[in-house]
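What the coordinates show
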Amino acid sequence: MGPHPAVAAIRLAVRRVLHDVLNEHSRDHESAAAAVTAGATAGRGTGLRTAPPEPLVLVACSGGADSMALASALAFESRKLSLRAGGITVDHGLQHGSDLRAAEVVSRMTGLGLEPAEAIAVHVGREGGPEAAARDARYAALDAAAERHGAAAILLGHTRDDQAETVLLGLARGSGTRSLSGMAAVSGAAGRYRRPFLELDRQTARKACMVQALPVWDDPHNADPAYTRSRLRQEGLPALEKALGKGVVEALARTAQLSRDDADALDAWALQADATVRDDAGLLDCAKLYALPPAVRRRIVRREAIGAGAPAGSLFARHVEEVDKLITSWRGQRAINLPGRVVARRQGGRLVIRQG
């Protein structure tokens, strides 16, 4: 008899991602080998073809049901494939005894056969609020771990429920299509982060842990009403399902994918249009910007602001809209102050965005 349906579902989702990682790793190795061979031929040396080394895939594991289900599936599937599997847990230091819990998670990962398995302690600042600060510290630690270990990918346990929450948070902020697109299945530098569970619900992961007798830790922050996402999880989504019926989570996740497709197309358009709206000095020409559709124009403005030093996570739609008025509703208004000490102003028919 095969595994429980929940276990089979999580293993299949992880298997697909691991095959993607292996295929990409093999292509990269072949490209590098071809370059070496070409160089050796030019230098009349010998280019030796070698088998690609086994890539390392890490799982970011908090000890919760989602990440423990992911860790177990990674450990299981990696044994059948030509890759190594390890795990990282991040100790945010926000709760008493967090170091002991992190050590326990490392022990669980080691028990699953993941190697390396390590805990990384981080300092959580205050910029952007507690949730954003913790997220920034966590990803910085994961990036550093990936570089240190030479990992090809890091698996994250975000589920379809997490995606639905992300879409609703973006909707509440009024942040536009990109925000409504939620989390990407592949993100980060060189596609480092992979999210195998975006099409699986949270209950499937929890069920998989239960039938495998995997111990899980429920983070009290996930039920703390002081956190916006926690309130949405405990009150907002249940209220929506009560008012609109079941299927809200699935519909929101579908909205995320449709929005991502639209946002990707608009981003590509904006990238192509960018070169056509600049003068010989490389400055943005307001008249040419004005002729573009608003969705394309604002993307160019946003990218220019980020390039000038405005933190992407702190640059909201209202900031971009105010800068956009320098193009579309020019009445001699003053410069616009943006996050990161960036200033946008209109000078001689040009939009100038620089560190102020």
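Look up a bit, the structure's there.
Predicted model, so just to flag it, every value in this text is computed and none were measured.

**Remarks on the pairing of strand β1 (residues 56–60)**
Side chains on a regular strand alternate between the two faces of the sheet. Here β1 lies mainly inside the structure; 5 of its 5 residues are buried. Taking every second residue as pointing to the same face, both faces of β1 are buried, with Leu 56, Leu 58 and Ala 60 on one and Val 57 and Val 59 on the other. Looking at chain direction, β1 and strand β2 (residues 84–91) are connected through 5 bridges and run parallel. By the bridge assignment, Leu 56 is partnered in β2 with Arg 84. You can see the chain leave β1, run along helix α2 (residues 65–78) and come back into β2, and the turn it takes is right-handed. Sheet topology note: the β1/strand β4 (residues 153–155) ladder contains 3 bridges and is parallel. By the bridge assignment for β4, Val 59 is matched with Leu 155.

**Brief notes about the nonpolar core**
Core analysis: the biggest nonpolar cluster contains 37 residues, and Leu 74, Leu 114 and Phe 197 have the highest contact counts within it. Residue assignment for this core shows that the elements contributing at least two residues are α1 (5–42), β1, α2, α3 (98–112), β4 and α7 (202–211). With 9 residues, α1 is the single largest residue contributor to this core. Residues contacting Phe 197, with those up to four places away along its chain left out, are Ile 10, Ala 13, Val 14, Asp 66, Ala 69, Leu 70, Gly 157, His 158, Thr 159 and Arg 160. By size, the runner-up hydrophobic cluster in this structure holds 25 residues, among which are Ala 270, Leu 315, Val 342 and Leu 351.

**Notes on the layout of surface pockets**
A volume near 600 Å³ is recorded for the second largest pocket. Lining the second largest pocket are 25 residues, and of these Ala 185, Arg 195, Pro 196, Leu 198 and Glu 199 lie nearest its centre. Of all the secondary structure elements, the ones that give two or more residues to the lining of the second largest pocket are α1, α5 (160–173) and α9 (248–274).

**Here's the deal with the sheet that holds β2**
Here 6 strands make up an open sheet; going across it, the order is β3-β2-β1-β4-β6-β5 and the pairing mixed. Edge strands, defined here as strands with exactly one partner in the open sheet, are β3 (117–121) and β5 (186–187). In terms of strand pairing, β4 meets strand β6 (residues 193–194) through 2 bridges, oriented parallel. From the neighbouring strand, Leu 155 faces β6, where its bridge partner is Arg 194. Lying over the sheet, α2 contacts β1, β2 and β4, oriented at roughly 160° with respect to β1. The sheet contacts of helix α4 (residues 130–149) involve β1, β2, β3, β4 and β6, and relative to β3 the element is tilted by about 135°.

**Some remarks on unusual backbone geometry**
Glu 115 connects to Pro 116 through a cis peptide bond whose omega is 5°. Relative to the assigned elements, Pro 116 resides in the loop between α3 and β3. Here Arg 341, not a glycine, exhibits a phi torsion of approximately 60°, which is positive. Its location among the elements puts Arg 341 in the loop between β8 (336–338) and β9 (342–347).

**Some words on the environment of Asp 66**
Structurally, Asp 66 can be placed in helix α2. Linking Asp 66 and Ala 265, residues 199 residues apart in sequence, is a C-alpha distance of 32 Å. Ignoring sequence-local partners within four residues, the contact set of Asp 66 consists of Gly 157, Thr 159, Asp 162, Phe 197, Arg 202 and Ala 205.

**As for α5**
Over its 14 residues, α5 runs 20 Å from end to end, which matches the ideal 20 Å to within 8%, given 1.5 Å per residue. Counting buried residues in α5 gives 11 out of 14 residues, a clear majority hidden from the surface. Every buried residue of α5 is listed here: Arg 160, Asp 161, Asp 162, Gln 163, Ala 164, Glu 165, Thr 166, Val 167, Leu 168, Leu 169 and Gly 170. Where α5 is buried, its residues meet α2, α6 (177–180), α7, α8 (228–244) and α9.

**Some details on the packing of α2 against α7**
Between α2 and α7, the least distance of the axes is 8 Å, while the angle of their chain directions is 60°. The angle between α2 and α7 places the two elements in the oblique class. Both α2 and α7 take part in a crossing whose hand is left-handed. Between α2, through Ala 65, Asp 66, Met 68 and Ala 69, and α7, the contact on the second element is made entirely by Arg 202, Ala 205, Arg 206, Ala 208 and Cys 209. A per-class count over the contact of α2 with α7 returns 6 nonpolar, no polar and 3 charged.

**Section: the pattern of salt bridges**
For the coordinates displayed, the defined rule picks out 27 salt bridges. As a salt-bridge pair, Glu 165 and Arg 233 come within 3.0 Å of each other at their nearest N and O atoms. Here the residue Glu 165 occupies a position in helix α5, and Arg 233 occupies one in helix α8, the gap between them amounting to 68 residues. Classification of Glu 165 as buried rests on a relative accessible area of 1%. The buried category is assigned to Arg 233, whose relative accessible area is 19%.

The rules behind each value
- Residues numbered from 1 in each chain as written.
- Predicted model: local features only at pLDDT ≥ 70, side-chain atom pairs only at ≥ 80, totals over all residues.
- Heavy atoms only, no water.
- Buried < 20%, exposed > 50% of the residue type's maximum accessible area, 1.4 Å probe, protein only.
- Helix = DSSP H or I, 4+ residues; strand = E, 2+ residues; numbered from the N terminus.
- Pairing = 2+ DSSP bridges.
- Right-handed = clockwise from strand over helix to strand, strands pointing away.
- Core = buried A, V, L, I, M, F, W, Y, C linked by side-chain atoms within 4.5 Å.
- Contact = heavy atoms within 4.5 Å.
- 1 Å grid on protein atoms, 1.4 Å probe; cavity = no way out; pocket = protein on both sides within 12 Å on 5 of 7 lines; lining within 4 Å.
- Points joined across faces, edges and corners; volume = space filled by probe spheres on them.
- Axes fitted to C-alpha atoms, helices over the stretch in contact; angles between N-to-C directions.
- Expected span 1.5 Å × (residues − 1).
- Parallel < 35°, antiparallel > 145°, perpendicular 65-115°, else oblique.
- Left-handed = near helix turned anticlockwise from the far one by under 90°.
- Nonpolar A, V, L, I, M, F, W, Y, C, P; charged D, E, K, R; others polar.
- Salt bridge = Lys/Arg side-chain N within 4 Å of Asp/Glu carboxyl O.

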